[in-house]
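Residue strings, one per chain:
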Amino acid sequence: MEMFSEQLINGLTIGSFYALVAMGYSMVYGVMKLINFAHGDLFTLGAYVGYTILVIGSGWVTATFGLWGGIIVAIIGAMISIGIAGLVLERVAYKPVYKAGRLPLVVSALGASIFISNGIMAVWSPRFQAYPQQSIPSGSITLYGDVRITLIKLVTIIVSLAIMALMYYIIERTLFGVAVRASALDKDTATLMGIDFRKIIRFVFFVGPALGALAGVFAGLNYSRIIFNLGWVYGLKAFTASILGGIGNIPGAMIGGLLLGLMEALFEGYVSGAWKNVFVFTILIIILIVRPTGLIGEKVAEKV
């Protein structure tokens, strides 16, 4: 039972990363029908921006604002910076080729991914970088018996779930969310109804990368070390999670990310860490054979 609880905590933690990044994938795909392959690299860039904020001036931010204050500053700084980077990416890499079809968009997304990854390597070097230990909370809480959870894991899970709940409320329960969902279902009709489609695009390309940046900083705080190609693995897993829940579906991305993390952690704990990726993708294949649109399903426009 103790081992199950520990793996459950690990699964929820890594599942939170997958879910946050998968939400960005699903938002962009839902509105633009575009797989933003650069999204995983924006996650990595967010981790490096958070790292830079925490190490600047030999830990000046943490010394000035305190341990948790420094973490909040790093998270907010990374989210805003990467949100702006997402807007620039859309304007420079995607907008010029919107009318050229999907294939040029895919090529442009792959090119942007390579550019960002190599840019990170050029600026921060190809070596691992370590989040400063004085900026990472070291305490833990006993849940029951000998089962303990570190403070940073607890905060990661709570904040991630809170952000997911907030995004669900915005998309599913607000007037602006109705506009986003209408644009995702039928862009032309939504535009005719007076919805500013460019505003929707700016929203998804700011919020999606910002969520990825949040996940990136939390990944750095939980695992300490980051490297320039970190986004390849997390991006692929998050993309898998978005397909698992139903590509283009925000609640599906949340559920898919958490499920993927839990499956991965439980298989690693009880069977083998070396085969966990094989198991996860096997489960994905089975689910897609049984239900090709994912667990919740992709939202598509109904033609009547």
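Rules behind the numbers
- Every chain is numbered independently, its residues counted from 1 as its sequence is written.
- This being a predicted model, a pLDDT of at least 70 is required before a residue's local features are given, and a value of 80 or more before pairs of side-chain atoms are given or counted; all residues contribute to the totals for chains, interfaces and linings.
- Hydrogens are left out, water is left out, and the side-chain values use all remaining heavy atoms of the structure.
- In DSSP terms, a helix is any run of H or I states spanning at least four residues, a strand is any run of E spanning at least two, and both are numbered starting from the N terminus.
- Note that the radius of gyration is over C-alpha atoms, with the globule rule given as 2.2 Å times the number of residues to the power 0.38.
- Here's how the labels work: a residue is buried when its accessible area is under 20% of the maximum for its type, exposed when over 50%, partly exposed in between, all with a 1.4 Å probe on protein chains only.
- Note on contacts: a residue pair qualifies if any of its non-hydrogen atoms lie within 4.5 Å across the two residues.
- For every accessible area listed, the method is Shrake-Rupley and the probe measures 1.4 Å; residues are considered covered only by the protein chains on display.
- Within this scheme the basic residues Lys and Arg register as positive and the acidic residues Asp and Glu register as negative, but His and the chain ends are omitted.
- Lysine's charge is taken at NZ, arginine's at CZ, aspartate's at CG and glutamate's at CD.
- Side-chain atoms within 4.5 Å link the members of a nonpolar core, which is a set of buried Ala, Val, Leu, Ile, Met, Phe, Trp, Tyr and Cys residues.
- Stacked, tilted and edge-to-face are the three classes applied to pairs of Phe, Tyr and Trp rings, where Trp contributes its six-membered ring and a pair requires centres within 6.5 Å; stacked means planes under 30 degrees apart, edge-to-face means over 60, and tilted covers the rest.
- In this scheme, the term charge over a ring applies when either NZ of a lysine or CZ of an arginine sits within 6 Å of the ring centre and within 35 degrees of the ring normal.
- Each residue after the first adds 1.5 Å to the expected span of a helix.
- Here an angle of 0 to 180 degrees is reported between the N-to-C directions of two axes, which are lines fitted to C-alpha atoms, with helices fitted over the stretch in contact.
- Angle categories: roughly parallel below 35 degrees, roughly antiparallel above 145, roughly perpendicular from 65 to 115, and oblique for all the rest.
- Crossings are sorted by hand: turned counterclockwise from the far helix by less than a right angle, the near helix makes the crossing left-handed, and turned clockwise it makes it right-handed.
- Note on residue classes: Ala, Val, Leu, Ile, Met, Phe, Trp, Tyr, Cys and Pro are nonpolar, Asp, Glu, Lys and Arg are charged, and everything else, Gly too, is polar.
- Strands pair, by our definition, only if DSSP identifies at least two bridges between them.
- The residues that make up patches have over 30% relative accessible area and no salt bridge, and they are joined within 9 Å when like-charged or within 5 Å when they are Val, Leu, Ile, Met, Phe, Trp or Tyr.
- Put simply, a salt bridge is a Lys or Arg side-chain nitrogen that is within 4 Å of an Asp or Glu carboxyl oxygen.

Let us now look at the overall build of the protein. If you tally the helices and strands in the protein, you get twelve helices and four strands. Taking 19 Å as the expected radius of gyration for a compact globule of 304 residues, we find that the protein reaches 19 Å, a close match to that expectation. Overall size of the protein, expressed as C-alpha extent along the three principal axes, is 60 × 45 × 35 Å. Across the 304 residues that make up the protein, the buried fraction comes to 51%. Considering only residue pairs separated by 6 or more positions, the protein has 78% of its internal contacts joining residues 24 or more positions apart. Counting every atom, the protein has about 14100 Å² of accessible surface; 70% of that belongs to carbon and sulfur. When the 20 basic and 13 acidic side-chain charges of the protein are each reduced to a single mean position, those positions are 8 Å apart.

On to the nonpolar core. Ranked by size, the top nonpolar core spans 83 residues in total, and within it Y94, Y131, M167 and L221 carry the most contacts. Sort the elements by how many residues they give to this core and helix 9 (residues 197-223) lands first, with 15 residues. L221 has contacts with L54, I71, Y131, S135, I136 and I152, leaving out every residue within four places of it along the chain.

On inspection of all chains with the given rule, the structure shows eleven aromatic pairs. Residues W60 and F65 carry aromatic rings whose centres are separated by 6.2 Å and whose planes lie at 90° to one another, so their mutual orientation is edge-to-face. Assessed through its relative accessible area of 46%, F65 is described here as partly exposed. An aromatic cluster is present here, built from F17, Y18, F43, Y223 and Y234 joined pairwise through their rings. For K33, the ring lying beneath its charged end belongs to Y29, and the centroid distance is 5.8 Å.

Residue position: A241 is located in helix 10 (residues 230-245). Under the relative-accessibility criterion, A241 is labelled buried at 0%. In sequence terms A241 and S5 are 236 residues apart; their C-alpha atoms lie 22 Å from each other. Setting aside anything within four residues of it in sequence, one finds A241 in contact with A22, G252, G256, G257 and L260.

Moving on to helix 1 (residues 2-32). Compared with an ideal rise of 1.5 Å per residue, which puts 31 residues at 45 Å, helix 1 spans 45 Å between its outermost C-alpha atoms and is within 8% of the ideal. With 24 of its 31 residues buried, helix 1 lies for the most part within the structure. K33 sits one or two positions beyond helix 1 and adopts a positive phi of about 55°.

Quick look at the packing of helix 6 (residues 151-173) against helix 11 (residues 250-270) now. Each pair of packed helices can be described by the angle between their axes along with the distance between the axes. Contact geometry for helix 6 and helix 11: axes closest at 9 Å, N-to-C directions at 160°. In terms of axis orientation, helix 6 runs roughly antiparallel to helix 11. Of the two possible hands of crossing, helix 6 and helix 11 adopt the one that is left-handed. Two secondary-structure elements touch here, helix 6 through L161, M164, M167, Y168, I171 and E172 and helix 11 through I250, P251, M254 and L258. Across the contact of helix 6 with helix 11, the residue classes break down as nine nonpolar, no polar and one charged.

Attention shifts here to the pairing of strand 2 (residues 140-144). As paired strands, strand 2 and strand 3 (residues 147-150) are joined by four bridges and run antiparallel to one another. Note that in strand 3 the partner of S140 across the bridge is T150. Here strand 2 hands over to strand 3 after two residues, with G145 in that stretch at a positive phi of 60°.

A surface patch of nonpolar side chains, about 610 Å² in accessible area, is lined by I72, I76, I80, I84, V88, V92 and F206. Per-element accounting of the nonpolar patch gives the leading share, six residues, to helix 4 (residues 67-94). Tracing the chain through its elements places I72 in helix 4.

A few words on the packing of helix 2 (residues 39-55) against helix 9. Closest axis-to-axis distance for the helix 2/helix 9 pair is 7 Å, and the angle between their directions is 55°. Between helix 2 and helix 9, the angle is such that the two are oblique. Between helix 2 and helix 9 lies a crossing whose hand is right-handed. Listed contacts from helix 9 to H39, L42, F43, G46, A47, G50 and L54 of helix 2 are G208, P209, G212, A213, A215, G216, V217, A219 and L221. In the contact of helix 2 with helix 9, the residues fall into ten nonpolar, six polar and no charged.

In short, shape yes, function no, at least from these values alone.
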